[in-house]
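# Per-entry structural report
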Amino acid sequence: MTTDSPTTESTTPADATTQDTARPTFRHEPALSRYSLLFGDTTAGFADYEIDGSRVLFTHVEVDPRHRGEGLASILVEQALDDMRERTDLTVVAVCPYVVAWIDKHAEYQDLLTRGR
């Protein structure tokens, strides 16, 4: 994933069957400070963040009610954190309760909370 392009897209394997037959596309939208999962042109979920100096604060994760229960929030958070790990050296601050719980369950991501300190 490059920092030059305005969006980063990748096809994401879904763990659960979705209402759509296509796999969701993961997109980084830096101008909106947002990561999104899309089915075609329809946003199924997003994760908002704010950059504060050397920290990135994940403030909100939301999945369209029609897609809840499909594991999309987990895919979204994992891909967003993977992107942050790959592209930046920012310290992750989990503000959103879902992101807090997700990182608590995935020990391999806890180093993001203390890097750069």
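See the structure printed just above.
My aim in this report is to walk through the structure given alongside it, one point at a time. The model shown is predicted, which means the values in this text are computed figures rather than measured ones. (Residues numbered from 1 in each chain as written. Predicted model: local features only at pLDDT ≥ 70, side-chain atom pairs only at ≥ 80, totals over all residues. Heavy atoms only, no water.)

## Considering a negative patch on the surface
A cluster of acidic residues, Glu78, Asp82, Glu86 and Glu108, forms a negative patch at the surface. Following the sequence through the fold, glutamate 108 ends up in the segment after α2 (97-105). (Patch = residues over 30% accessible without salt bridge, like charges linked within 9 Å, V, L, I, M, F, W, Y side chains within 5 Å. Areas by Shrake-Rupley, 256 points an atom, 1.4 Å probe, with all protein chains shown as cover. Salt bridge = Lys/Arg side-chain N within 4 Å of Asp/Glu carboxyl O. Lys, Arg positive; Asp, Glu negative; His and termini not counted. Charge placed at Lys NZ, Arg CZ, Asp CG, Glu CD. Helix = DSSP H or I, 4+ residues; strand = E, 2+ residues; numbered from the N terminus.)

## Let's talk about the environment of serine 36
Within the element layout of this structure, serine 36 appears in strand β3 (residues 34-39). The class of serine 36 is buried, set by a relative accessible area of 2%. Residues in contact with serine 36, not counting those within four places in the same chain, are Thr25, Phe26, Arg27, Glu29, Gly45, Phe46 and Leu76. A polar contact of 2.7 Å, which involves the side chain of serine 36, links it to the side chain of glutamate 29. (Buried < 20%, exposed > 50% of the residue type's maximum accessible area, 1.4 Å probe, protein only. Contact = heavy atoms within 4.5 Å. Polar contact = N/O pair within 3.5 Å; in protein donor to acceptor, adjacent residues only side chain to side chain.)

## Some points on unusual backbone geometry
As a rule of thumb, non-glycine residues mostly have phi less than zero, and peptide bonds are mostly trans rather than cis. Its identity as a non-glycine residue notwithstanding, serine 33 has a phi of 50 degrees, on the positive side. Tracing the sequence through the fold places serine 33 in the loop between β2 (25-29) and β3. The class of serine 33 is partly exposed, set by a relative accessible area of 23%.

## Description of the side chain of aspartate 48
Within the secondary structure, aspartate 48 sits in strand β4 (residues 42-52). Polar side-chain contacts of aspartate 48 include one of 2.6 Å to the side chain of arginine 34.

## Digging into the packing of aromatic side chains
Per the counting criterion, the structure on display carries five aromatic pairs. Relative to phenylalanine 58, the ring of tyrosine 49 has its centre 6.0 Å away and its plane inclined at 45 degrees; by these criteria the two rings are tilted. For the pair tyrosine 49 and phenylalanine 58, one class covers both residues: buried. When the centroid spacing of 5.0 Å and the interplanar angle of 65 degrees are considered together, the rings of tryptophan 102 and tyrosine 109 count as edge-to-face. Grouping residues by exposure puts tryptophan 102 and tyrosine 109 together as buried. Among the aromatic side chains, those forming a connected cluster through ring pairs are Phe26, Tyr35, Tyr49 and Phe58. The side chain of arginine 34 reaches across the aromatic face of phenylalanine 46, ending 3.8 Å from its centre. (Phe/Tyr/Trp six-rings, centres within 6.5 Å; stacked < 30°, edge-to-face > 60°. Lys NZ or Arg CZ within 6 Å of the ring centre and 35° of its normal.)

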